[in-house]
Amino acid sequence: MFAEMFTPAQCVGYLAFILGVGSFLQRSDKAFKLMMAGECITYAVHFALLGNMTAVSSTLVSTLRSVLSLYTRSRWVVLLIIVLNIGLGLRFATGWLAWLPLTASCIGTIALFMLNGIAMRALMLVGSLLWVANNIASGSIGGTALELVIIVVNLFTMLRMHAEQAAHARNAKLEKGKTSYK
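What counts, and at which threshold
- Residues numbered from 1 in each chain as written.
- Predicted model: local features only at pLDDT ≥ 70, side-chain atom pairs only at ≥ 80, totals over all residues.
- Heavy atoms only, no water.
- Helix = DSSP H or I, 4+ residues; strand = E, 2+ residues; numbered from the N terminus.
- Buried < 20%, exposed > 50% of the residue type's maximum accessible area, 1.4 Å probe, protein only.
- Phe/Tyr/Trp six-rings, centres within 6.5 Å; stacked < 30°, edge-to-face > 60°.
- Lys NZ or Arg CZ within 6 Å of the ring centre and 35° of its normal.
- Salt bridge = Lys/Arg side-chain N within 4 Å of Asp/Glu carboxyl O.
- Expected span 1.5 Å × (residues − 1).
- Disulfide = S-S within 2.5 Å.
- Contact = heavy atoms within 4.5 Å.
- Core = buried A, V, L, I, M, F, W, Y, C linked by side-chain atoms within 4.5 Å.

Asks: Could you give me a rundown of the overall build of the protein chain, with the residues and numbers involved?
Replies: Counting its secondary structure elements, the protein chain contains seven helices and zero strands. What you see in the protein chain, going N to C, is helices and strands ordered as α-α-α-α-α-α-α. In terms of overall dimensions, the protein chain has a C-alpha envelope of 70 × 40 × 25 Å along the principal axes. Within the protein chain, the proportion of its 182 residues that are buried is 42%.

Asks: Break down the packing of aromatic side chains for me, with residues and values.
Replies: A full pass over the atoms with the stated rule returns four aromatic pairs. Taking the centre distance of 6.4 Å and the plane angle of 65° together, the rings of Phe 6 and Tyr 14 count as edge-to-face. Look at Tyr 14 and you get partly exposed, because its relative accessible area is 23%. Among the aromatic residues, those joined into a cluster by ring pairs are Tyr 43, Phe 47 and Trp 131. The ring centre of Phe 32 lies 5.0 Å from the NZ or CZ of Arg 121, which sits over that ring.

Asks: Which residues make up the environment of Ala 145, and what values go with them?
Replies: Here Ala 145 is to be found in helix α7 (residues 141-180). The spacing of Ala 145 and Asn 135 is 10 residues in sequence and 8.9 Å in space, taken between C-alpha atoms.

Asks: Please provide a residue-by-residue account of the pattern of salt bridges, values included.
Replies: In the structure shown here, the tally under the stated rule is one salt bridge. Here Asp 29 ties to Arg 121 by a salt bridge, and the two come within 3.0 Å at their closest N and O atoms. Placement of Asp 29 in helix α2 (residues 29-50) and of Arg 121 in helix α6 (residues 117-138) is noted, with a sequence separation of 92 residues between them. Judged by relative accessible area, Asp 29 falls into the partly exposed class, the value being 22%. The class of Arg 121 is buried, set by a relative accessible area of 0%.

Asks: I'd love a proper account of helix α1 (residues 8-24), names of residues and values included.
Replies: When the terminal C-alpha atoms of α1 are compared, their 25 Å separation across 17 residues agrees well with the 24 Å that a helix rising 1.5 Å per residue should span. When α1 is considered as a whole, its buried residues turn out to be Ala 9, Gln 10, Gly 13, Ala 16, Gly 20, Val 21, Gly 22, Ser 23 and Phe 24.

Asks: Any details on the state of the cysteines? Residues and values, ideally.
Replies: Under the definition given, this model contains zero disulfides. Counting only cysteine sulfurs, Cys 106 is the nearest neighbor of Cys 40, a cysteine outside any disulfide, at a range of 13 Å.

Asks: Residues and numbers for helix α5 (residues 99-114), please.
Replies: Here α5 spans 22 Å end to end across 16 residues, near enough to the 22 Å set by a 1.5 Å rise per residue. When you tally the buried positions in α5, you get 12 out of 16 residues, the bulk of the element. Every buried residue belonging to α5 is among Leu 100, Pro 101, Leu 102, Ala 104, Ser 105, Cys 106, Ile 107, Gly 108, Thr 109, Ala 111, Leu 112 and Phe 113, and all of these are buried. Considering only its buried residues, α5 is in contact with α2, α3 (53-68), α4 (75-92) and α6.

Asks: Quick one: what's the story with the side chain of Ser 23, residue by residue and with numbers?
Replies: By secondary structure assignment, the location of Ser 23 is in helix α1. Residues in contact with Ser 23, not counting those within four places in the same chain, are Phe 32, Met 35, Met 36 and Glu 39.

Asks: Can you lay out the nonpolar core for me, pointing to particular residues and giving the numbers?
Replies: Residues Phe 24, Phe 32, Met 36, Leu 112 and Met 124 are the most contacted members of the largest nonpolar core, which totals 27 residues. Going through the elements one at a time, α1, α2, α3, α4, α5, α6 and α7 are the ones with two or more residues in this core. Those residues in contact with Leu 112 that sit more than four places away from it in its chain are Phe 32, Lys 33, Met 36, Arg 65, Ser 66, Ser 69, Arg 73, Met 120 and Met 124.

Structure follows, in structure tokens:
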């Protein structure tokens, strides 16, 4: 058991863990997406070493998705990435579990291209839940730990962002109240 924790595949998974946690700590959408691209590349190597080709294809598409989402919000790009994920699923999926990372990637695509801020992170949370199931089924120690920590970190970041928005709204309301009495 202990020896299995430090195989090359698992060690690469631990690196993906570090990059993934770092990405979800970002409040800047741009920094979030850049770090996520690095995490996805590392994840692809991890899943290749584990022999999970649907997860490899999904994370490679997710890398492309993260980078493209920095430059465009085109619905055509969203559609192209979702079709690409479905096509890869048809090519590599051997059962319903193999569709978990592909579905997570499609959800993440919608989140990264169509949403921002808290809403983007909330939809990414749904994708993380699917990745937890995939990682447990794949035997990915680092990947499972990553997604569980990402869920917690993502929830914490969403709460911080909500608190900041609420404080900003209160300050704006106070400022408006001060100017209306003059």
